[in-house]
Amino acid sequence: GFFIATVSGFSTERRGLIQALALLRRSLAVTLATLATVASIVAYAASRSGEPVKISSFEFLGCSGDWNDKEVSPEIWRMGSANGMTYLVRHPATCGANVARGEKATFRDGVLDLSYEPYSKDDIYAACMCEFWAKFTFQKEPAAVSSATFDGQRARLKGAWPEG
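Draft legend 1. Structural context of unusual backbone geometry. The residue Asp123 is not glycine, and still its phi comes out positive at about 60 degrees. Along the chain, Asp123 turns up in the loop between strand S8 (111-119) and strand S9 (129-138).

As structure tokens, then:
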């Protein structure tokens, strides 16, 4: 014969099934909580990144030598001209980069964030910090720019900036 023991009114097979379903329900609850947390982190990051701003022209000016400043933060000069508003960026990066890609600008709460990726076409880099320069020009600058960052990093501001 076939014998099934009963515990608290349920067979051993049924009790095992109930325990497995309870464990599965807990796992599902943890998974859903994790997904909700990840979704809120992604939504928060998206809201912090700012609105994209159209760049009229971008020019990678390259490396002008070793980075000799004690301060490692970037510098941004703001200059107006007949062509619009230009931001000249000076920042440290790994020596060897000879081209740029992925230039972008975003605007949020009065701050214009400029960024691009310097890289080496030949994938050859040196173990030093270089002083890189790049120029971002905008025909239409967001009206309320009061500050700027480079790649999310606070910059030392130079040139003509609004009081505030």
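Draft legend 2. Main features of the pattern of salt bridges. Enumeration over the complete set of coordinates arrives at nine salt bridges. A salt bridge links Asp69 to Arg156; its shortest N-O distance comes to 3.4 Å. Of this pair, Asp69 sits in the loop between strand S4 (57-66) and strand S5 (75-81) while Arg156 is found in strand S12 (residues 156-159), placing the two residues 87 residues apart along the sequence. Its relative accessible area of 23% is what places Arg156 among the partly exposed residues. With a shortest N-O distance of 3.3 Å, Arg156 and Glu75 are connected by a salt bridge. Within this pair, whereas Arg156 is found in strand S12, its partner Glu75 is found in strand S5, the two being separated by 81 residues in sequence. One network of salt bridges, with partners in common, ties together Asp69, Glu75, Arg90, Glu131, Arg156 and Lys158.

Draft legend 3. Looking closely at the state of the cysteines. Within the structure shown, the criterion is met by two disulfides. In this model Cys63 forms its disulfide with Cys130; the gap between the sulfur atoms is 1.5 Å. Disulfide Cys63-Cys130: torsion about the S-S bond near 130 degrees, hence right-handed. Taken as a pair, Cys63 in strand S4 and Cys130 in strand S9 lie far apart in primary sequence, 67 residues in all. Residue class for Cys63 comes out partly exposed when judged on its relative accessible area of 41%. The partner cysteine of Cys95 in its disulfide is Cys128, sulfur to sulfur 2.1 Å. Sign of the S-S torsion, about -135 degrees for the bond between Cys95 and Cys128, identifies this disulfide as left-handed. Here Cys128 lies in the loop between S8 and S9 and Cys95 lies in the loop between strand S6 (84-94) and strand S7 (99-108), a separation of 33 residues in the sequence. Along the protein chain, the cysteines that take part in disulfide bonds pair up as 1-4, 2-3, counted in sequence order.

Draft legend 4. Seen up close, the environment of Pro92. In this structure, Pro92 sits in strand S6. Here Pro92 falls in the buried class, since its relative accessible area comes to 15%. Residues Pro92 and Asn68, spaced 24 residues apart in sequence, show a C-alpha to C-alpha distance of 9.4 Å. Setting aside anything within four residues of it in sequence, one finds Pro92 in contact with Trp67, Val72, Met129 and Cys130.

Draft legend 5. Structural view of the pairing of S8. Pairing of S7 with S8 involves eight bridges; the strand directions are antiparallel. Directly across from Ala105, in S8, lies its bridge partner Leu114. Between the antiparallel neighbours S7 and S8 lie two residues, among them Asp109 with a positive phi of about 50 degrees.

Draft legend 6. Just the sheet that holds strand S3 (residues 51-52), in detail. A sheet is described by the order of its strands in space; here five strands give the open sequence S3-S7-S8-S10-S11, paired in mixed fashion. On the outer flanks of this sheet lie S3 and strand S11 (153-154), each paired with one strand and no other.

Draft legend 7. Just the nonpolar core, in detail. Ile76, Tyr87, Leu112, Leu114, Phe136 and Phe138 are the most contacted members of the largest nonpolar core, which has 25 residues in total. Those elements giving two or more residues to this core turn out to be S6, S7, S8, S9 and strand S10 (147-150). Counting residues per element, this core draws most heavily on S9, at five residues. Once residues lying within four places of it in the same chain are set aside, the contact partners of Phe138 are Val53, Lys54, Ile55, Ser56, Asn83, Gly84, Met85, Tyr87, Ala105, Leu112 and Leu114.

Each value, and the rule that gives it
Residues numbered from 1 in each chain as written. Predicted model: local features only at pLDDT ≥ 70, side-chain atom pairs only at ≥ 80, totals over all residues. Heavy atoms only, no water. Helix = DSSP H or I, 4+ residues; strand = E, 2+ residues; numbered from the N terminus. Salt bridge = Lys/Arg side-chain N within 4 Å of Asp/Glu carboxyl O. Buried < 20%, exposed > 50% of the residue type's maximum accessible area, 1.4 Å probe, protein only. Disulfide = S-S within 2.5 Å. Contact = heavy atoms within 4.5 Å. Pairing = 2+ DSSP bridges. Core = buried A, V, L, I, M, F, W, Y, C linked by side-chain atoms within 4.5 Å.

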